[in-house]
Amino acid sequence: MANKPSIKNRVRELREQHGSMTQAELGLEIGVTRQTVIAIEQNRYSPSLESAFRIAHVFGVGLEDVFSWEE
Amino acid sequence: MPFREKSAWVMSLALLSAGIFYFIAVAVIWNESGQLAHPMLPLVIVYTICLTIIAALGHAIIAALAPKEANAPADERELKIIYSAGHYSSHIFAVGTLLSLGWYLFSGDGDLLFYTVFASFMAGQIMEYAIQIFLYRTSI
């Protein structure tokens, strides 16, 4: 049986690079709660494609610069 | 703690309190009369009023503490949690109802059927909010 794949992200790192943007501020920008941003950063929740694009757009980077697939 | 988790706590507390009140009242009547009482509308009305008052008061308090969060629509993760909890709790209600109907086939006791289906409904509702709290705190 194949190992369970997971999606990793650099949201926390990018947020800190962007003038220490808070989780609440990022949540407001992409339309989710602070708790959802926390869950994304801790890899407990994979955001929808739309939210993933919004996050990448906020940081001005491509989707693959934020999210990566790890076997 | 997000507003919706607080809301789930309020609803769990309201449902648990009203449910305990209801079944204690039924047990007291059962104890006094020596037999299972017919389902009584006034008792169901009191249960509903208790539930409504606790839920409304609880929500008024948590909404006053975080009005902005209270007015915001549920986000994608919260919706996923709400749908998942509803899905699992519906199984609890369904199993409880099926067991109640099965029991009725053997006992033929309609009063008992009412109480067991009502209890299944309450258990399903309480579990829905309990699962929401669990999901808010752990996975998803």
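Scroll up a little and you will see the structure.
Residues numbered from 1 in each chain as written. Chains lettered and ligands numbered in written order. Predicted model: local features only at pLDDT ≥ 70, side-chain atom pairs only at ≥ 80, totals over all residues.

## Details of the overall build of chain A
Inclusion rule: In this text, helices come from DSSP runs of H or I with a minimum length of four residues, and strands from runs of E with a minimum of two, each type numbered from the N-terminal end. What the globule rule says is 2.2 Å times the number of residues to the power 0.38, and the radius of gyration is computed from C-alpha atoms. Each residue is classed by its C-beta neighbour count within 10 Å, where at least 20 other C-beta atoms makes it buried, 12 or fewer makes it exposed, and intermediate counts make it partly exposed; the C-beta atoms are placed from backbone geometry. By definition, residues are in contact whenever their C-beta atoms, placed on the basis of the backbone, come within 7 Å of each other.
Across its full length, chain A holds five helices and two strands. Counted from the first residue to the last, chain A has its helices and strands arranged as β-α-α-α-α-α-β. A compact globule built from 71 residues should have a C-alpha radius of gyration of about 11 Å, and chain A, at 12 Å, falls within 12% of that. Taking the principal axes of its C-alpha atoms as reference, chain A extends roughly 40 × 25 × 20 Å. A burial count over chain A gives 21% of its 71 residues as buried. Considering only contacts in chain A between residues 6 or more positions apart, those separated by 24 or more positions represent 53%.

## As for the interface of chain A and chain B
Our working definition: Residue polarity follows a fixed list, in which Ala, Val, Leu, Ile, Met, Phe, Trp, Tyr, Cys and Pro are nonpolar, Asp, Glu, Lys and Arg are charged, and the others, Gly among them, are polar.
Chain A puts 10 residues into the contact, and the matching count from chain B is seven residues. Examining the composition of the side of chain A that touches chain B, we find that three residues originate from one element, helix H3 (residues 34-41) of chain A, more than from any other. A breakdown of the residues in the side of chain A that touches chain B according to their chemical character gives three nonpolar, six polar and one charged.

## Comments concerning the packing of helix H4 (residues 76-107) of chain B against helix H5 (residues 110-137) of chain B
Helix-helix packing is characterised by the crossing angle of the two axes and by the distance between the axes. Residue and element names in this part refer to chain B. As a reminder, the rule being used: To obtain each axis, a line is fitted to C-alpha atoms, and for helices this fit is confined to the stretch in contact; angles are then taken between N-to-C directions over 0 to 180 degrees. Reported orientations rely on four angle classes, namely roughly parallel under 35 degrees, roughly antiparallel over 145, roughly perpendicular from 65 to 115, and oblique for the rest. Each crossing gets its handedness from the near helix: less than a right angle anticlockwise from the far helix is left-handed, clockwise is right-handed.
Axis separation between H4 and H5 bottoms out at 8 Å; the angle between their running directions is 160°. By the angle class used here, H4 and H5 are roughly antiparallel. Like other packed secondary-structure pairs, H4 and H5 cross with a definite hand, here right-handed. Here the residues of the contact of H4 with H5 are counted per class, giving 18 nonpolar, 12 polar and one charged.

## Points about H3 of chain A
Among all positions of H3 of chain A, only Gln35, Thr36, Val37 and Ile40 of chain A are buried. Positive backbone phi, at 60°, marks Asn43 of chain A, one or two positions downstream of H3 of chain A.

## So, the packing of helix H2 (residues 23-30) of chain A against helix H4 (residues 49-59) of chain A
All names here are of chain A. Interaxial distance between H2 and H4 falls to 9 Å at its minimum, and their mutual angle equals 120°. One finds that H2 runs oblique with respect to H4. Considering only the axes of H2 and H4, their crossing is right-handed. Taking contact as the criterion, the partners of Leu26, Glu29 and Ile30 in H2 are, on H4, Ser51, Arg54, Ile55 and Val58. Class assignment for the residues of the contact of H2 with H4 results in four nonpolar, one polar and two charged.

## Here we look at the nonpolar core
Among soluble globular proteins, nonpolar side chains are generally buried collectively. Note the following rule: What makes a nonpolar core is a set of buried Ala, Val, Leu, Ile, Met, Phe, Trp, Tyr and Cys residues, with links drawn between C-beta atoms within 7 Å.
Grouped together as the largest cluster of nonpolar side chains are 19 residues, with contacts concentrated most on Met11, Ala14, Leu15, Ala18, Ile131 and Leu135 of chain B. Breaking this core down by element, the ones donating at least two residues are helix H1 (3-33), helix H2 (41-65), H4 and H5 of chain B. No other element matches H1 of chain B, which puts eight residues into this core. Ranked by size, the runner-up nonpolar core spans nine residues in total, among them Val11, Leu26, Ile40 and Tyr45 of chain A.

## As for the environment of Ala130 of chain B
Positionally, Ala130 of chain B belongs in helix H5. Along the backbone, Ala130 of chain B and Met11 of chain B are 119 residues apart, and their C-alpha atoms lie at a distance of 9.4 Å.

## Notes on the environment of Gly86 of chain B
Residue and element names in this part refer to chain B. When you line up the elements, Gly86 lands in helix H4. Under the C-beta neighbour-count criterion, Gly86 is labelled partly exposed, with 13 such atoms within 10 Å. Spatially, the C-alpha atom of Gly86 lies 8.8 Å from that of Gly124, the residues being 38 residues apart in sequence.

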